[in-house]
Amino acid sequence: MSRIRKNHDERLTEILDAAEKLFATKSYDLTTVNDILEVVGIGKGTFYHYFKSKEEVMEAVLDRLTALIVEKIVIVADDSTLSAHDKMKQMLLYLNIDDEDNRTIIEELNNPSNAKMHEKSMYKINETVSPILAKVVEEGIAEGVYQTDYPLETIEGLIILSHYMVDTAMPLLDFDRIVSRARALVRMIELSLGAQTGSFAFLLEGFDNQN
């Protein structure tokens, strides 16, 4: 029985790995179910045993990426040795998902051709990550480093705002304009959370290094 379960999980991983690679190289819209079947080497019957559609595969790929983020930030959120602001700093840096294994798919999510996946990924991140960040904001309020009456709603709004302010997939925005928006966003974060000026400047490091 355990062998059957293991084989099921292995096949599921193969499908997700193939779909993720195709979405990253070919785009979600141009990838077909047949493309996935060809890479994995399975028939439609096997595929539909796991997923009803290509969109379900996309949801599963995004769930897997989101789970990686949540796994990392929960560890930080539960670390009693860190101050609230140190937790927030580490958690926000993890949201970049900038490791080698996931960089390709994350970059492709920012491609205009993958707008549907991009929107869904932002929704999933906001839905799953905001409550965790909000609890840290509440800790920061107790520590006197943040001040807001609406921790969860503020975090939700800031994540949405960050998506539109510094989205590299947005057309007609050159790098200087994106940097300008990033600096404005950092100040908005500080004002929204009632944080000290410059306390979120670490978010600009990636932009400054590219100047």
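Residues numbered from 1 in each chain as written. Predicted model: local features only at pLDDT ≥ 70, side-chain atom pairs only at ≥ 80, totals over all residues. Heavy atoms only, no water.

## Some thoughts on the overall build of the chain
Alright, step 1. On a plain count of helices and strands, the chain comes out with 10 helices and zero strands.
Alright, step 2. Secondary structure of the chain in N-to-C order comes out as α-α-α-α-α-α-α-α-α-α.
Alright, step 3. Restricting the contact set of the chain to residue pairs at least 6 apart, pairs at least 24 apart contribute 64%.
Alright, step 4. Here the chain displays about 12000 Å² of accessible surface, and carbon together with sulfur accounts for 53% of that area. (Helix = DSSP H or I, 4+ residues; strand = E, 2+ residues; numbered from the N terminus. Contact = heavy atoms within 4.5 Å. Areas by Shrake-Rupley, 256 points an atom, 1.4 Å probe, with all protein chains shown as cover.)

## A few points about helix α8 (residues 151–165)
Alright, step 1. Counted at 1.5 Å a residue, the expected span for α8 with its 15 residues is 21 Å, and the 20 Å between its end C-alpha atoms agrees.
Alright, step 2. Of all the positions in α8, only P151, T154, I155, L158, I159, H163 and M165 are classed as buried. (Expected span 1.5 Å × (residues − 1). Buried < 20%, exposed > 50% of the residue type's maximum accessible area, 1.4 Å probe, protein only.)

## A word on the nonpolar core
Alright, step 1. Residues M88, M91, L133, Y146, L193 and F200 are the most contacted members of the largest nonpolar core, which totals 32 residues.
Alright, step 2. Going through the elements one at a time, α4 (54–77), α5 (84–94), α7 (115–143), α8 and α9 (175–193) are the ones with two or more residues in this core.
Alright, step 3. Broken down by element, the residue count for this core peaks at seven residues, all from α7.
Alright, step 4. Excluding anything up to four places from it in sequence, L193 contacts V137, Y146, Q147, T154, L158 and F200. (Core = buried A, V, L, I, M, F, W, Y, C linked by side-chain atoms within 4.5 Å.)

## A look at the environment of F51
Alright, step 1. When you line up the elements, F51 lands in the loop between α3 (44–50) and α4.
Alright, step 2. Each residue touching F51, except ones within four places of it in the same chain, is listed here: L12, I15, L16, E56, V57 and A60.

## Thoughts on the packing of α4 against α5
Alright, step 1. Contact geometry of α4 with α5 gives a least axis separation of 9 Å together with a crossing angle of 175°. Classified by the interaxial angle, the pair formed by α4 and α5 is roughly antiparallel. Contacts between α4 and α5 involve K72, I73, V76 and A77 from the first element and K87, Q90, M91 and Y94 from the second. (Axes fitted to C-alpha atoms, helices over the stretch in contact; angles between N-to-C directions. Parallel < 35°, antiparallel > 145°, perpendicular 65-115°, else oblique.)

## Focus on the confidence of the model for the chain
Regions with low pLDDT carry predicted coordinates that are not meant to be interpreted in detail.
Alright, step 1. Looking at the chain, pLDDT values average 84 and 80% of them are 70 or higher.
Alright, step 2. Of all the helices and strands in the chain, helix α6 (residues 100–109) carries the lowest mean pLDDT, 53, while helix α2 (residues 33–40) carries the highest, 96.
Alright, step 3. Within the model, pLDDT remains below 50 along residues 1–5, and this stretch shows zero contacts once partners closer than five positions in the same chain are excluded. (pLDDT = per-residue confidence, 0-100.)

## Looking at the packing of aromatic side chains
Alright, step 1. Evaluation of the coordinates by the stated rule reveals five aromatic pairs.
Alright, step 2. Taking the centre distance of 6.1 Å and the plane angle of 45° together, the rings of F47 and F51 count as tilted. Like F47, the residue F51 is buried in the burial classification.
Alright, step 3. An aromatic cluster of at least three residues, connected via ring pairs, comprises F47, Y48 and F51.
Alright, step 4. Above the plane of the ring of Y28 lies K54, whose end atom (NZ or CZ) is 4.2 Å from the centre. (Phe/Tyr/Trp six-rings, centres within 6.5 Å; stacked < 30°, edge-to-face > 60°. Lys NZ or Arg CZ within 6 Å of the ring centre and 35° of its normal.)

## Here's the deal with the environment of I73
Alright, step 1. The topology assignment puts I73 in helix α4.
Alright, step 2. On the basis of relative accessibility, which here comes to 0%, the residue I73 falls in the buried class.
Alright, step 3. Taking the C-alpha atoms as reference points, I73 and I132, 59 residues apart in sequence, are found 7.9 Å from one another.
Alright, step 4. Not counting the four nearest positions on each side in its chain, I73 is found in contact with M91, Y94, V129 and I132.

## Regarding the pattern of salt bridges
Alright, step 1. Tallying each qualifying case throughout the model produces eight salt bridges.
Alright, step 2. Across the pair K124 and D63 runs a salt bridge whose closest N-O atoms are separated by 2.7 Å. With K124 in helix α7 and D63 in helix α4, this residue pair connects regions lying 61 residues apart in the sequence.
Alright, step 3. The class for K124 is buried, based on a relative accessible area of 14%.
Alright, step 4. Three or more residues are tied together by salt bridges with common partners; here these are D17, E20 and R64. (Salt bridge = Lys/Arg side-chain N within 4 Å of Asp/Glu carboxyl O.)

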